[in-house]
Structures are given as structure tokens and as C-alpha cells.
Amino acid sequence: MLCWLRYDASMTARILDGRALARRIEAELAAKVAELPFRPGLAVVMVGENPASRIYVRNKERAALRVGFAAETLVLPASTTEQVLLSHIARLNDHPAIDGILVQLPLPSQIRPQAVVEAIDPAKDVDGFHPLNVGRLDAGAPAFAPCTPLGIMQLLAEADVALRGARAVVLGRSLIVGRPISRLLLAADATVTVVHSRTRDVAAECRRAEVLVAAVGRPEFVRGDWVASQAVVIDVGINRLPDGRLVGDVAFSECVDHAAAITPVPGGVGPMTIAALLQNTLRAAEKRRGVLPTHQ
Ligand code: NAP
């Protein structure tokens, strides 16, 4: 058994411990960064005072500093115009010490997210949302893939989940999670079904999954009887209940008895998203500064 998998005899599913794997990845990154003749630089931009975004941004900045990056967080007032935000992005695009730029979503309604995403230099687009990176990922060409899907693929790889020919069902088709993870699973030769709000029988589609990725944004949406025996379940959801508890998109206690493996919430996909951001930033830095060829 791999050391990052926790096993509890009272449960049948392996718990895919994203926190432990992310910690290991961070240690590897820190060792690499210590050997570099430069400090990779990450800029995180946030507009407004969304409390959840505040926490995400703070966690990203802390992780970047932990591995030895230079990190700059820019918090702009909620009234910021699109033009002002774009001028900050232009400055960061030109800044020689900045290798990765991330604009925390959501943005206030006066700012078009697509205009912002398209303004980021694709070579610094460590979130992988720029159309050039989206298109390259779709074409199977080297690209910055979005961090959550990248983190999920590493969880699956570490758990030795055989993806070739496997029936994978992705619940959700967002640009951030559903679509890109479906592309990465396809690139790994899985047979991929994408399920969304207009799908006729969501439960029936889920039951066919050998690998089920739930990214729907609804607390405990996936019930125990939607999950096939011995399926691998990746729960992307982060939902805060009125009583303060944090739950995923999967009813964990109903699935853990018969799934082969499952990610917990918290401590599954979330930490891996941050680890993947750090990996993307290091890769961007190495490409920009000539350590890696630009086509990789
Ligand atoms: P999103 O943009 O709201 O997309 C949700 C998707 O679920 C949409 O494609 C939607 O279908 C589909 N959907 C909604 N209701 C449905 C239903 N009743 N039946 C079937 N499909 C349904 O959400 P997201 O950004 O992908 O995020 C999903 C969840 O992951 C959220 O809880 C979010 O907080 C979490 N998240 C976690 C991380 C992490 O690091 N762990 C990162 C990103 C997101 P339509 O397209 O038809 O509307």
C-alpha cells in the first residue's frame, strides 16, 4: 500500500488522502526551488471582499511562500473597473519577476471574467483558463491545465487507478473542473461521459461509472446507491452547510462502504488544487527562464 493512502479497517474504501500527497509534492517542489538560481514568482489578484475567496487566496499565497516562491497578493476594491484590473494584469504580464498570474474568481459583475482571462499572458496563465491553454489541452498539446483537474489526475495516478478503457463519468461541465477533467481523462484513454443539469437520468449515468468525478456544487448530491460497487469516487465539491459543516458533492458516509476508493472533503481534492498551482507556477518559471524548453 502506498504510504499516503489511509486505511481504516471499519471502512472498505481506500481514502485518497490529498492532504498527505500535497504535502509530499510541496516538499519535492521546495527542494527543487532551493536549487534554482532564481525565485519563481506568483501573483494572485483578488477583487472585492468575498470571504471564501479571501481564504483561498491566503492559502495559495502561504503555500507559495512555503515552497520558496516569491508571492504577491493584490487585493483591489470591489468597485474596481475592468479597465483598471486589465492595467494591473498588463503590468504583471510585463513584470520580469512574475512567472504566474492568477485572478481569483468570481469577479464583481462590472468585470467580464472572459476579458480578464484573455488578458493574461498564456505563458503566465498558471490557472489554465486562457483560450490558448484550453485549446491546447483539448488538442492534446502541452498546455497549462487547470489546477483542480491536474490535482485529480495526480490523485488517480498515485492510487494506481487504471484509466485506460475505464468508464469515467464526470458530473458537471464547468470550464474550471468538469470540462478540463473530462479532457484529461480522455487523454488517459478513459471512456468519458459528461453529465450535467440537462442529463435525463443522472443517477443511472453515475451508476455506470468505474471512476466518478463529482463537480456539481450541491451538498451530498451523489447518493450511495448512485455509486457502483468498487468505483473510484473523486469528490470535488466544497459546500458549507448552515450548521457550519463542510461537505462535498458526494454523500461520503453512504458511499464509503462499497466504493473502492474515495476522496474526503476536506482533505481530498482541495489541497491537490493548491499543489497543482505550485507545480504549474514552477513549470511556467522554468519555461520563461530557459530551464525548460518553451514547447514542453
Ligand atoms: P459550476 O460552475 O457551478 O458547475 C456546476 C456543474 O454542475 C454545471 O455543469 C451544472 O450543469 C452541473 N449541475 C448543476 N446541477 C445539476 C444537477 N441537478 N444535475 C446534474 N448536473 C448539475 O461549479 P464548479 O466551479 O465546477 O464547482 C463545482 C464544485 O466544486 C463546487 O462545490 C465548488 O466549490 C467545488 N470546487 C472545488 C475546488 C477544489 O479545489 N476542491 C475547485 C473548484 C471548484 P449545467 O452546465 O447544465 O448548468
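Residues numbered from 1 in each chain as written. Predicted model: local features only at pLDDT ≥ 70, side-chain atom pairs only at ≥ 80, totals over all residues. Heavy atoms only, no water.

Draft legend 1. Quick peek at the overall build of the chain. When helices and strands are tallied, the chain shows 10 helices and 12 strands. Against the globule reference of 19 Å for 296 residues, the chain gives a C-alpha radius of gyration of 19 Å, in line with a compact fold. Counting only C-alpha atoms, the chain reaches 50 × 45 × 40 Å along its principal axes. Expressed as a percentage of the 296 residues in the chain, the buried residues total 49%. Of the roughly 13700 Å² of accessible surface on the chain, 54% is carried by carbon and sulfur atoms. For the chain, the separation between the mean place of its 33 positive charges and that of its 30 negative charges on side chains is 2 Å. (Helix = DSSP H or I, 4+ residues; strand = E, 2+ residues; numbered from the N terminus. Rg over C-alpha atoms; globule rule 2.2 N^0.38 Å. Buried < 20%, exposed > 50% of the residue type's maximum accessible area, 1.4 Å probe, protein only. Areas by Shrake-Rupley, 256 points an atom, 1.4 Å probe, with all protein chains shown as cover. Lys, Arg positive; Asp, Glu negative; His and termini not counted. Charge placed at Lys NZ, Arg CZ, Asp CG, Glu CD.)

Draft legend 2. Fine view of the packing of helix 2 (residues 51-66) against helix 10 (residues 269-288). Interaxial distance between helix 2 and helix 10 falls to 10 Å at its minimum, and their mutual angle equals 50 degrees. Classified by the angle between their axes, helix 2 and helix 10 sit oblique to one another. Of the two elements, helix 2 crosses helix 10, and the hand of that crossing is right-handed. For the pair helix 2 and helix 10, contact is made by Asn59, Lys60, Ala63 and Ala64 and by Ile274, Leu277 and Leu278, respectively. By residue class, the composition of the contact of helix 2 with helix 10 is five nonpolar, one polar and one charged. (Axes fitted to C-alpha atoms, helices over the stretch in contact; angles between N-to-C directions. Parallel < 35°, antiparallel > 145°, perpendicular 65-115°, else oblique. Left-handed = near helix turned anticlockwise from the far one by under 90°. Contact = heavy atoms within 4.5 Å. Nonpolar A, V, L, I, M, F, W, Y, C, P; charged D, E, K, R; others polar.)

Draft legend 3. A look at the sheet that holds strand 4 (residues 70-76). Pairing within the open sheet is parallel, and its three strands lie in the order 4-3-5. The sheet is open, and its two edges are formed by strand 4 and strand 5 (100-103), each paired on a single side. Between one strand and the next, the sheet's axes are offset by a mean angle of 15 degrees, whatever the strand orientation. Against the sheet, helix 3 (residues 82-94) engages strand 3 (41-47), strand 4 and strand 5, with an angle of about 170 degrees to strand 4. (Pairing = 2+ DSSP bridges.)

Draft legend 4. Here's a closer look at the packing of aromatic side chains. If you walk through the whole model with that rule in mind, you get one aromatic pair. When the ring centre of Phe144 is taken as origin, the NZ or CZ atom of Arg283, which lies over that ring, is 4.9 Å away. (Phe/Tyr/Trp six-rings, centres within 6.5 Å; stacked < 30°, edge-to-face > 60°. Lys NZ or Arg CZ within 6 Å of the ring centre and 35° of its normal.)

Draft legend 5. Seen up close, empty space enclosed by the protein. Taken as a whole and judged by the stated rule, the model has one cavity of 30 Å³ or more. Forming the boundary of the largest cavity are Ile101, Leu102, Val103, Leu105, Val117, Ile120, Asp125, Asp127, Phe129 and His130. In terms of residue count, strand 5 provides more of the lining of the largest cavity than any other element does, three residues in total. A per-class count over the lining of the largest cavity returns seven nonpolar, one polar and two charged. (1 Å grid on protein atoms, 1.4 Å probe; cavity = no way out; pocket = protein on both sides within 12 Å on 5 of 7 lines; lining within 4 Å. Points joined across faces, edges and corners; volume = space filled by probe spheres on them.)

Draft legend 6. Molecular detail of the packing of helix 6 (residues 147-158) against helix 7 (residues 178-187). Here helix 6 crosses helix 7 at 40 degrees, and the two axes come no closer than 9 Å. In terms of axis orientation, helix 6 runs oblique to helix 7. Helix 6 and helix 7 meet at a crossing whose hand is right-handed. Mapping the contact onto sequence places Pro149, Leu150, Ile152, Met153 and Leu156 in helix 6 and Pro180, Ile181, Leu184 and Leu185 in helix 7.

Draft legend 7. Inspection of the pattern of salt bridges at higher detail. What the rule picks out here adds up to 13 salt bridges. Residue Arg24 is joined to Glu28 by a salt bridge in which the shortest nitrogen-to-oxygen separation is 3.7 Å. Residue Arg24 and its partner Glu28 are located together in helix 1 (residues 18-35), separated by four residues, close to a single helical turn. For Arg24, a relative accessible area of 32% gives the class partly exposed. Notably, a salt bridge pairs Arg289 with Asp99, separated by 2.8 Å at the nearest N-O pair. Linking Arg289 in the segment after helix 10 with Asp99 in the loop between helix 3 and strand 5, this pair joins segments that are 190 residues apart in sequence. For Arg289, a relative accessible area of 30% translates into the label partly exposed. Judged by its relative accessible area of 0%, Asp99 is buried. (Salt bridge = Lys/Arg side-chain N within 4 Å of Asp/Glu carboxyl O.)

Draft legend 8. View of the side chain of Thr273. Position of Thr273 relative to the elements: it lies in helix 10. Among residues more than four places away in sequence, those in contact with Thr273 are Cys147 and Thr148.

Draft legend 9. Region of interest: the environment of Leu29. Along the chain, Leu29 turns up in helix 1. Between the C-alpha atom of Leu29 and that of Leu278, which follows or precedes it by 249 residues, the distance is 7.9 Å. Those residues within four positions of Leu29 in sequence are excluded, and the remaining contacts are Val67, Ala275, Leu278, Gln279 and Leu282.

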